[in-house]
Amino acid sequence: MTITFITGANKGLGRETARRLIEHGHTVLVGARDRERGEETAAALGARHVPIDVTDDASVAAAAANVAEREGRIDVLINNAGVHGPVGDPGDLTAADAFAVLDVNVIGVVRTTSAFLPLLRRSEHPVVINVSSGMGSLALTHDPDRPESHVVAPLYTSSKAALTMLTTQYAKGLDGIRVNAADPGYTATDLNGHSGPQTVTEGTHAIVALATEGPGAGTGRFVSRHGEIAWS
């Protein structure tokens, strides 16, 4: 049985990923900061809620200890938790704004991945999936035919660019662990006020594909629902 831990799994892409992976036969651990929402989601889907706040060292350590005691390992870690931050005029940004976004979208991934590495290393075929975005791609954000080029979201885009590079470094440096990034695409979620043209199911195609592919698949890739995309 594949054991999968998902951060930010109580709503949006995280919840839909959990639902779909359960259908694929995974044992899913719903990581969520909000205990009530996490428990409601877990009960509705047939999963187990594990409290986790990816911005808090003690919370992340407690979540890893919880899973170590109950399941003993994980096979797939999906770093899905994310925040958007301010949009528009970059001149209005503050250091506090920047820290709030980076603390979830980048530093939170480092916290969580480091804490769960011992559990991943107990798996025969460990996998890490970082939920990134085409909004962090230089190529896509400079292509006038792409929706990514028409949005000014300085901190979100910067954090996702950092996350894709972090993914390549993990892929190079973590022997025996397959590490890839997923671009959900412009999906209707709370993160964008449900303005995206994709359904939440369509937005999880790349994540689910990476979580269910065979052990011989590659590492260090950036994948959308339409296939692999360039890192630039």
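So, here's what we can say about the structure. (Residues numbered from 1 in each chain as written. Predicted model: local features only at pLDDT ≥ 70, side-chain atom pairs only at ≥ 80, totals over all residues. Heavy atoms only, no water.)

What to know about the nonpolar core
Where a protein is soluble and globular, its nonpolar side chains tend to be buried together.
Consideration 1: Judged by nonpolar contacts, the single largest core of 28 residues is most densely connected at Phe-5, Val-67, Ile-74 and Phe-116.
Consideration 2: Broken down by element, this core gets its largest block of residues, five residues, from helix 5 (residues 107–120).
Consideration 3: Core analysis: the second largest hydrophobic core is formed by 20 residues, Ile-6, Val-28, Val-76 and Ala-211 among them. (Core = buried A, V, L, I, M, F, W, Y, C linked by side-chain atoms within 4.5 Å. Buried < 20%, exposed > 50% of the residue type's maximum accessible area, 1.4 Å probe, protein only. Helix = DSSP H or I, 4+ residues; strand = E, 2+ residues; numbered from the N terminus.)

Describing the packing of aromatic side chains
By convention here, two paired aromatic rings are described through the distance between centres and the angle between planes.
Consideration 1: This model, assessed by the stated rule, comprises one aromatic pair.
Consideration 2: Each ring, one from Phe-5 and one from Phe-116, has its centre 4.6 Å from the other, and the planes form 35°; the classification is tilted. Highlighted residues: Phe-5 in strand 1 (residues 3–6) and Phe-116 in helix 5, separated in sequence by 111 residues. The pair Phe-5 / Phe-116 is uniform in exposure class, with both members buried. (Phe/Tyr/Trp six-rings, centres within 6.5 Å; stacked < 30°, edge-to-face > 60°.)

Points about the layout of surface pockets
Consideration 1: Each pocket or cavity is described by its volume, and for the second largest pocket that value is around 240 Å³.
Consideration 2: What lines the second largest pocket is a set of 16 residues, among which Thr-2, Asp-75, Val-76, His-125 and Glu-213 lie closest to the centre.
Consideration 3: For the lining of the second largest pocket, the residue count by class is four nonpolar, six polar and six charged. (1 Å grid on protein atoms, 1.4 Å probe; cavity = no way out; pocket = protein on both sides within 12 Å on 5 of 7 lines; lining within 4 Å. Points joined across faces, edges and corners; volume = space filled by probe spheres on them. Nonpolar A, V, L, I, M, F, W, Y, C, P; charged D, E, K, R; others polar.)

Concerning the packing of helix 1 (residues 12–23) against helix 2 (residues 35–45)
Consideration 1: Where helix 1 meets helix 2, the closest approach of the two axes is 10 Å, and the angle between their N-to-C directions is 25°. Taken together, helix 1 and helix 2 sit at an angle that is classed as roughly parallel. Classified by chirality, the crossing of helix 2 by helix 1 is right-handed. Here helix 1 contributes Arg-15, Ala-18, Arg-19 and Ile-22 to the contact with helix 2, which in turn contributes Thr-41, Ala-44 and Leu-45.
Consideration 2: Considering only residue class, the contact of helix 1 with helix 2 consists of four nonpolar, one polar and two charged. (Axes fitted to C-alpha atoms, helices over the stretch in contact; angles between N-to-C directions. Parallel < 35°, antiparallel > 145°, perpendicular 65-115°, else oblique. Left-handed = near helix turned anticlockwise from the far one by under 90°. Contact = heavy atoms within 4.5 Å.)

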